[in-house]
Amino acid sequence: MGLPPTQVWTREQVATRILAGDSLFVLNGNLVRVPPSWLTAHPGGQLAILHFVGRDATDEVEAFHSDETLQRMKGFIIGRVEAGEDGWEPFVPPIANGWVRRPGAGGKTEWYNEARPLEPELKDKAAPPSEILLRPREAETAECGPTLSTLQAAPNALSLKHEKAHSDAYKELHKRVVDAGLYKTRFVTGYGPEFVRYTLLAVLAAVCYHYGWLIPSALFLGLCWQQLTFFAHDLGHVGVTHNWTLDRVISIFIADFVGGLSIGWWVNVSNIRPPTCIGTESGPYTQNHNVHHLVTNHPTHDPDIQHLPFFAISPVFFNSLWSSYYKREMTFDAFGKFFISLQHKLFYVVLSLARFNLYANSWGYLAKTAFEPRRWRGGRWWWWAEVVCLGLFFAWFGAVLKGCGSWRNILTYLLVSHVAASPVHVQIVLSHFSRSTADLGPVESFFARQLRTTVDVICSPRIEFIHGGLHLQVTHHLFPRLPRHNLREASLIVKEFAKERGLEYAEFGFVEGNGEVTGVLKQVADQLKIVGMVADSEIRDAMKM
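As a further point, take the overall build of the protein chain. The helix and strand tally for the protein chain stands at 23 helices and 14 strands. Computed over its C-alpha atoms, the radius of gyration of the protein chain comes to 24 Å, within 12% of the 24 Å expected for a compact globule of 545 residues. With the C-alpha coordinates of the protein chain rotated into their principal frame, the extents come out at 75 × 75 × 55 Å. The proportion of buried residues among the 545 residues of the protein chain is 54%.

A few words now on the packing of helix H10 (residues 244-258) against helix H16 (residues 381-402). Taken N-terminus to C-terminus, the directions of H10 and H16 make an angle of 25°; their axes are 7 Å apart at the nearest point. With respect to H16, the axis of H10 lies roughly parallel. Once H10 is placed against H16, the crossing between them reads as right-handed. Together, Trp244, Thr245, Arg248, Val249, Ile252, Asp256, Phe257 and Val258 of H10 and Trp381, Trp382, Ala385, Glu386, Cys389, Leu390, Leu392, Phe393 and Trp396 of H16 make up the contact between the two elements.

What follows deals with the packing of helix H9 (residues 214-236) against helix H17 (residues 407-420). H17 packs onto H9 with a crossing angle of 35° between their chain directions and a minimal axis gap of 7 Å. Between H9 and H17 lies a crossing whose hand is right-handed. Contacts from Leu214, Ile215, Ser217, Ala218, Leu219, Leu221, Gly222, Leu223, Trp225 and Gln226 in H9 reach Asn409, Thr412, Tyr413, Val416, Ser417, His418 and Ala420 in H17. In the contact of H9 with H17, the residues fall into ten nonpolar, seven polar and no charged.

Next up on the list: the packing of aromatic side chains. The geometry of an aromatic ring pair is captured by the separation of the ring centres together with the interplanar angle, meaning the angle of the planes. In this structure the tally under the stated criterion is 34 aromatic pairs. Taking the centre distance of 6.4 Å and the plane angle of 70° together, the rings of tryptophan 244 and tryptophan 381 count as edge-to-face. Of this pair, tryptophan 244 sits in helix H10 while tryptophan 381 sits in helix H16, and the two are 137 residues apart along the sequence. Judged by its relative accessible area of 15%, tryptophan 244 falls in the buried class. Pairing phenylalanine 311 with phenylalanine 433 gives two aromatic rings, centres 6.3 Å apart and planes at 70°, and the pair type is edge-to-face. Here phenylalanine 311 is found in the loop between helix H12 (288-294) and strand E11 (322-323), whereas its partner phenylalanine 433 is found in the loop between helix H18 (423-430) and helix H19 (446-453), with 122 residues between them in sequence. Residue classification places phenylalanine 311 among the buried residues on the basis of a relative accessible area of 6%. An aromatic cluster is present here, built from Trp225, Phe356, Tyr359, Trp363, Phe393, Phe394, Trp396 and Phe397 joined pairwise through their rings. The ring of phenylalanine 91 has arginine 11 lying over it, and the distance from NZ or CZ to the ring centre is 4.0 Å. Here arginine 101 stacks its cationic end above the ring of tryptophan 111, 4.9 Å away from the centre of that ring.

This next bit is on the pattern of salt bridges. Scanning the entire structure with this criterion turns up 21 salt bridges. We note a salt bridge from glutamate 114 to lysine 327, for which the minimum N-O separation is 3.0 Å. Of this pair, glutamate 114 sits in the loop between strand E6 (109-113) and strand E7 (115-117) while lysine 327 sits in the loop between E11 and strand E12 (328-329), and the two are 213 residues apart along the sequence. Taken individually, glutamate 114 and lysine 327 each receive the classification buried, so the pair is uniform in this respect. A salt bridge links aspartate 234 to arginine 484, with the nearest nitrogen and oxygen atoms 2.6 Å apart. Taken as a pair, aspartate 234 in helix H9 and arginine 484 in the loop between helix H21 (473-478) and helix H22 (487-501) lie far apart in primary sequence, 250 residues in all. Classification of aspartate 234 by relative accessible area gives buried; the value is 6%. The network of salt bridges with shared partners includes Arg116, Glu119, Arg135 and Glu138.

Our next topic: a nonpolar patch on the surface. Together, Val349, Leu353, Phe356, Leu411, Leu415 and Val419 make up an exposed nonpolar region whose accessible area comes to about 470 Å². With three residues, H17 is the largest single contributor of residues to the nonpolar patch. On the secondary structure map, leucine 415 appears in helix H17.

Judged by pairing direction, the sheet is mixed, and its four strands sit side by side in the order E1-E4-E3-E2 without closing on themselves. A single partner strand is all that each edge strand has here, and the edge strands are strand E1 (8-9) and strand E2 (23-27). Examined bridge by bridge, E1 and strand E4 (residues 77-81) share two bridges and lie parallel to one another. Each residue of the ladder has a partner; that of tryptophan 9, found in E4, is valine 81.

On to the pairing of E6. With five bridges joining them, strand E5 (residues 99-103) and E6 adopt antiparallel strand pairing. Across the sheet, the residue bridging to valine 100 is tyrosine 112, located in E6.

Here we take up the pairing of E4. Among the five residues of E4, four are classified as buried, and the element is accordingly described as predominantly covered. In the sheet, strand E3 (residues 30-34) pairs with E4 via three bridges, with the strands oriented antiparallel. Pairing of leucine 31 across the sheet is with glycine 79, part of E4.

It is worth spelling out the environment of leucine 70 at this point. You can see leucine 70 is positioned in helix H5 (residues 67-73). Not counting chain neighbours up to four residues away, the residues in contact with leucine 70 comprise Val61, Glu62 and His65.

This part is about helix H8 (residues 191-210). An ideal rise of 1.5 Å per residue puts 28 Å on 20 residues; H8 measures up with 28 Å between its terminal C-alpha atoms. Restricting attention to buried positions, one finds in H8 the residues Tyr191, Glu194, Tyr198, Leu201, Ala205 and Cys208. All buried residues of H8 fall inside an arc of 130° around its axis, so they share one side. In H8, the exposed residues that point more than 90 degrees away from the buried face are Val196 and His210. Elements in contact with the buried residues of H8: H9. Positive phi appears at glycine 212, one or two residues downstream of H8, with a value of about 80°.

Turning to its location among the elements, leucine 27 is positioned in strand E2. Relative accessible area serves as the criterion here: at 8%, leucine 27 is assigned to the buried category. Between the C-alpha atoms of leucine 27 and serine 217, which are 190 residues apart in sequence, the distance is 52 Å. Once residues within four sequence positions are removed from consideration, leucine 27 is found in contact with Val32, Thr58, Val61 and Met73.

Next up on the list: the side chain of aspartate 59. Inspection of the secondary structure puts aspartate 59 in helix H4 (residues 58-64). With residues near it in sequence (within four places) discarded, aspartate 59 still touches Ser167, Tyr170, Lys171 and Phe446.

Scoring rules and cut-offs
- Residues numbered from 1 in each chain as written.
- Predicted model: local features only at pLDDT ≥ 70, side-chain atom pairs only at ≥ 80, totals over all residues.
- Heavy atoms only, no water.
- Helix = DSSP H or I, 4+ residues; strand = E, 2+ residues; numbered from the N terminus.
- Rg over C-alpha atoms; globule rule 2.2 N^0.38 Å.
- Buried < 20%, exposed > 50% of the residue type's maximum accessible area, 1.4 Å probe, protein only.
- Axes fitted to C-alpha atoms, helices over the stretch in contact; angles between N-to-C directions.
- Parallel < 35°, antiparallel > 145°, perpendicular 65-115°, else oblique.
- Left-handed = near helix turned anticlockwise from the far one by under 90°.
- Contact = heavy atoms within 4.5 Å.
- Nonpolar A, V, L, I, M, F, W, Y, C, P; charged D, E, K, R; others polar.
- Phe/Tyr/Trp six-rings, centres within 6.5 Å; stacked < 30°, edge-to-face > 60°.
- Lys NZ or Arg CZ within 6 Å of the ring centre and 35° of its normal.
- Salt bridge = Lys/Arg side-chain N within 4 Å of Asp/Glu carboxyl O.
- Patch = residues over 30% accessible without salt bridge, like charges linked within 9 Å, V, L, I, M, F, W, Y side chains within 5 Å.
- Areas by Shrake-Rupley, 256 points an atom, 1.4 Å probe, with all protein chains shown as cover.
- Pairing = 2+ DSSP bridges.
- Expected span 1.5 Å × (residues − 1).
- Arc of directions from axis to C-beta.

Have a look at this one:
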């Protein structure tokens, strides 16, 4: 591979290319252009790239990619950028203002405005000026595409110099983690005990079933599913063998065949886009979990906090926001108002039954991706493997249920096994539901953003297996490819760095965390009640006039 181009790009030149439709981002001072063909084939999905158009994505790119991939990425470099002492001054990506590229009537790709920024009068007065929340567009816009003004970030309290210092600290932190050998998987001392636990739970479930002890059997099966979810999570991050193909094959067996859930749905969730006036197209696949890691806790962009009508962790969801991930309006209707008013009371009930929703999402995902283009990694074999393994799951689990005898026994076994597997859902939401949902703009560093939006759950090393490594979410978000059994050691390094940089490293106990999350849900429910009371009062006043 030859040397990268030597052209130096000014900020104005970069903006011009972005407005013309190019997907450009900065990597270690170099300007990277992502061709349209690679944008659709990118294993991490389009959104992982589109959220960083015009920005310095160095920290994010290096956190998510292996050295081999980073080396290949050099082939997309088109020059260097003109940056000051404080680094590259970022643009606001077009997608942040609701602008995306789509094929036009003649097949030529054009700009399309899928959503518009929330009106200033509807924003929270305490929201930072940089915050951009999207709502569905109500009518055709006269604009043909984003303008230079939409690329300019609104001023806020963050300093580019200060955030660059955070970024430099993160690079040093990442080097320390690498030098400590923490990317090496502990197959024997780490996964050895895990496999013994998986096997023991599966054997206990089978033995109890054989002797007709259905409730204990269902309990052990549910606990086995719960533990295997953590293993599937590791595989989805390519954090076990660090080989994409091998990790994906293993994860399809674990998640699809044993657990009945599509690993592809979790890692790659398809978007189905609505028809437009300039033509239609089937939506590209994007990566649910990668997007969550990159735009953590953003109400418009993070799919992991978009749970209407059942949950809303911020009053901003009362505005029926647009989801740039699901490509639809998150409608806050009467159904949503009812559930949100009771969300703190229904929290555990909803999560205990969440697995049933995951079945629907899994099959829905495979139906949507049945005719999508071949991927750069996986081609089409992954789809057939998932369909077969999901079918085999429902065959063996259906036989288990049939063997329970009466409908009462079948229903009991079904509910006990699924409720027993549900603590993982509680574990996942603890890490983010109580944290900030503010949008501090493109200036905020990756290091600072992850610390601001994520929290750890404190627990003894002896019972870490119950949490499956997900209790150390801060470190996991900073180093998503890090094997889970090395997270505790890495977290000590991260805590030290956070303290040096004056950043909060949030953590709480499991019970305290549950209290904080239900407290946040109650606060939002109370605010909804106040909004309703104000609306009723205004109606009464209007009727008296």
